[in-house]
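Residues per chain, in single letters:
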Amino acid sequence: MVSFKELGLVNTREMFAKAINGGYAIPAFNFNNMEQLQAIVKACAETKSPVILQVSKGARNYANQTLLRYMAQGAVEYAKELGWENPQICLHLDHGDSFELCKSCVDFGFSSVMIDGSHLPYEENIALTKQVVEYAHAHDVTVEAELGVLAGVEDEVQAEESHYTKPEEVIDFATRTGCDSLAISIGTSHGAYKFTPEQCTVDPETGRLVPPPLAFDILDAIMEQLPGFPIVLHGSSSVPQEYVEIINNNGGKMPNAVGIPEEQLRKAAASAVCKINIDSDSRLAFTAAVRKVFNEKPGEFDPRKYCGPAREEMERLYKHKIQEVLGSNGKA
């Protein structure tokens, strides 16, 4: 077994307490490869932002659990090389679907895990979450749980329709499970196709789809029930239309891709929402840069010549999210 502390990582306990008191949110960026990790660490080191490096079950299988351990340790050392003396970096399992997976991540050096029992009946969700909490807390690893269901598809997580979190359940759930943070459903959605055109209105000036607003009344009710408790928003990519256009203009096909408006995420970040998950946006940035290189230089075959520009574009995206949306710059 490897403790996350041996790798130089931190858990989310202090991160979240500071974020709630400071009125900002911690960026939770998913990564699958070296370029994404480099871009995340560089953006956070330069902006002095705490960060949660997220790994889904699929990404863990893709990258290999042993390599991931050393990549996380390398991320801490890389941050120090960049002048970040005391990196505040958490390695987090995103959407763990079983006790066994969560236990394995704890044993391999993760400092935080999510157990997602939201698809289960209420009592079964509580039982599974409590089991993970008891094991993780024995190793000082923090646990995120989920109550309510997000629609959409991303990686191995998918649901046909969303079910808003019920505010009347949150006290009982948090108390009985002992979880450290709670992912809720208030209208965000996984993936790049978060809403159908029928769910949206059309901006008359740009002709772009405008998604329905988040259910801030439910968020307010949850915060009233659990004052000061760390709340998490999944499925919070904004699906920047400039990336969608670059992809479509360079051989891609992404019709009707639309995300969560950044002004709504800024509003959420100023509340008890202290962790906001962003995955699809970095995938779009990466893909847009790669497609542009391939279209403009069809003879290019050196991965450094197309992954390099993709890395730079992702770094710009991460800095923008940190400074203009989440407000976490200068907090670490």
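First, a word on scope: everything that follows refers to the structure included in this document. Note that the structure is a prediction, hence the values are computed from the model and not measured.

### Quick look at the overall build of the protein chain
- Scanning the protein chain from N- to C-terminus turns up 12 helices and 13 strands.
- Referenced to the eigenvectors of the C-alpha coordinate spread, the extents of the protein chain come out at roughly 55 × 45 × 35 Å.
- In the protein chain, buried positions account for 56% of the 332 residues.
- For the protein chain, the proportion of contacts with a sequence separation of at least 24, taken over those separated by at least 6, is 76%.

### A look at the packing of helix 11 (residues 280-296) against helix 12 (residues 303-326)
- Close contact between helix 11 and helix 12 brings their axes to 8 Å; oriented N to C, the two are set at 145°. Both helix 11 and helix 12 take part in a crossing whose hand is right-handed. The segment helix 11 lies against helix 12, with Asp-281, Ser-282, Ala-285, Phe-286, Ala-289, Val-290, Val-293 and Phe-294 engaging Lys-305, Tyr-306, Cys-307, Pro-309, Ala-310, Glu-313, Met-314, Leu-317, Tyr-318 and Lys-321.
- Looking at the contact of helix 11 with helix 12, its residues break down into 13 nonpolar, one polar and four charged.

### Comments concerning the nonpolar core
- In terms of nonpolar packing, the biggest core is built from 96 residues, with Val-113 and Leu-182 touching the most fellow members.
- Judged by nonpolar contacts, the second largest core, of nine residues, contains Met-15, Phe-16, Ala-19 and Cys-90.

### Structural notes on helix 12
- Across its 24 residues, helix 12 extends 32 Å between first and last C-alpha, which sits within 8% of the 34 Å expected from 1.5 Å per residue.
- Between the side-chain oxygen of the N-cap and the backbone nitrogen of Arg-304 there are 3.0 Å, and the N-cap of helix 12 in question is Asp-302.

### Let's talk about the sheet that holds strand 2 (residues 51-56)
- Around the barrel, which closes on itself, the eight strands sit in the order 1-2-3-4-5-8-12-13 with parallel pairing between neighbours. Within this sheet the neighbouring strands show an average axis-to-axis angle of 25°, counted without direction.
- Sheet topology note: the strand 12 (residues 231-233)/strand 13 (residues 273-278) ladder contains three bridges and is parallel. Bridge pairing links Leu-233 to Ile-276 in strand 13.

### Some words on the pattern of salt bridges
- For the coordinates displayed, the defined rule picks out 20 salt bridges.
- Residue Glu-262 pairs with Lys-321 through a salt bridge whose shortest N-O separation is 2.9 Å. Pair noted here: Glu-262 is in helix 10 (residues 262-269) and Lys-321 is in helix 12, with a separation of 59 residues, a long-range link. Summarising the burial analysis for this pair, Glu-262 and Lys-321 share the class buried.
- With its nearest N and O atoms 3.0 Å apart, the salt bridge here joins Arg-304 to Asp-302.

### Looking at the pairing of strand 2
- The buried fraction of strand 2 amounts to six of the six residues, a majority that puts the element mostly inside the structure.
- By the alternation rule, side chains of strand 2 split into Val-51, Leu-53 and Val-55 and Ile-52, Gln-54 and Ser-56, which are all buried.
- Relative to strand 2, strand 1 (residues 26-30) is paired through three bridges, and the arrangement is parallel. Counted as the bridge partner of Phe-29 is Leu-53 from strand 2.
- Sheet analysis places strand 2 next to strand 3 (residues 89-96), joined by six bridges and oriented parallel. When the sheet's bridge partners are listed, Gln-54 is paired in strand 3 with His-92.

### Remarks on the side chain of Glu-313
- In this structure, Glu-313 sits in helix 12.
- Here the side chain of Glu-313 touches Tyr-243 through a polar contact of 2.7 Å, side chain to side chain.
- Ignoring any residue separated from it by four or fewer positions in sequence, one finds Glu-313 in contact with Tyr-243, Ala-285 and Ala-289.

### Some details on the packing of aromatic side chains
- For the coordinates displayed, the defined rule picks out four aromatic pairs.
- Each ring, one from Phe-99 and one from Tyr-135, has its centre 6.0 Å from the other, and the planes form 85°; the classification is edge-to-face. Here the residue Phe-99 occupies a position in helix 5 (residues 99-107), and Tyr-135 occupies one in helix 6 (residues 122-137), the gap between them amounting to 36 residues.
- Accessibility expressed as a relative area gives 17% for Phe-99, which makes it buried.
- Sitting over the ring of Phe-108, Arg-60 keeps its end group 5.7 Å from the ring centre.
- Over the aromatic face of Phe-216 sits the side chain of Lys-267, whose NZ or CZ is 4.2 Å from the ring centroid.

### A look at the state of the cysteines
- Enumeration over the complete set of coordinates arrives at zero disulfides.
- Residue Cys-102 stays outside any disulfide, its sulfur separated by 6.7 Å from that of Cys-105, the closest cysteine.

### Some points on the side chain of Asp-116
- Counting through the fold element by element, Asp-116 comes out in the loop between strand 4 (112-115) and helix 6.
- Of the side chains with opposite charge, Lys-275 comes closest to the buried, unpaired Asp-116, at an N-O distance of 11 Å.
- At a separation of 2.6 Å, a polar atom in the side chain of Asp-116 contacts the side chain of Ser-118.

### Concerning helix 6
- Under the 1.5 Å per step criterion, the end-to-end length of helix 6 is 22 Å for 16 residues, consistent within 8% with the ideal 22 Å.
- Taken as a whole, helix 6 has its buried residues at Asn-125, Ile-126, Leu-128, Thr-129, Val-132, Val-133 and Ala-136.
- Where the residues of helix 6 are buried, they touch helix 5, strand 4, strand 5 (142-147) and helix 7 (170-177).

Thresholds, definitions, all that
- Residues numbered from 1 in each chain as written.
- Predicted model: local features only at pLDDT ≥ 70, side-chain atom pairs only at ≥ 80, totals over all residues.
- Heavy atoms only, no water.
- Helix = DSSP H or I, 4+ residues; strand = E, 2+ residues; numbered from the N terminus.
- Buried < 20%, exposed > 50% of the residue type's maximum accessible area, 1.4 Å probe, protein only.
- Contact = heavy atoms within 4.5 Å.
- Axes fitted to C-alpha atoms, helices over the stretch in contact; angles between N-to-C directions.
- Left-handed = near helix turned anticlockwise from the far one by under 90°.
- Nonpolar A, V, L, I, M, F, W, Y, C, P; charged D, E, K, R; others polar.
- Core = buried A, V, L, I, M, F, W, Y, C linked by side-chain atoms within 4.5 Å.
- Expected span 1.5 Å × (residues − 1).
- Polar contact = N/O pair within 3.5 Å; in protein donor to acceptor, adjacent residues only side chain to side chain.
- Pairing = 2+ DSSP bridges.
- Salt bridge = Lys/Arg side-chain N within 4 Å of Asp/Glu carboxyl O.
- Phe/Tyr/Trp six-rings, centres within 6.5 Å; stacked < 30°, edge-to-face > 60°.
- Lys NZ or Arg CZ within 6 Å of the ring centre and 35° of its normal.
- Disulfide = S-S within 2.5 Å.
- Lys, Arg positive; Asp, Glu negative; His and termini not counted.

Just distances and angles here, no functional claims.
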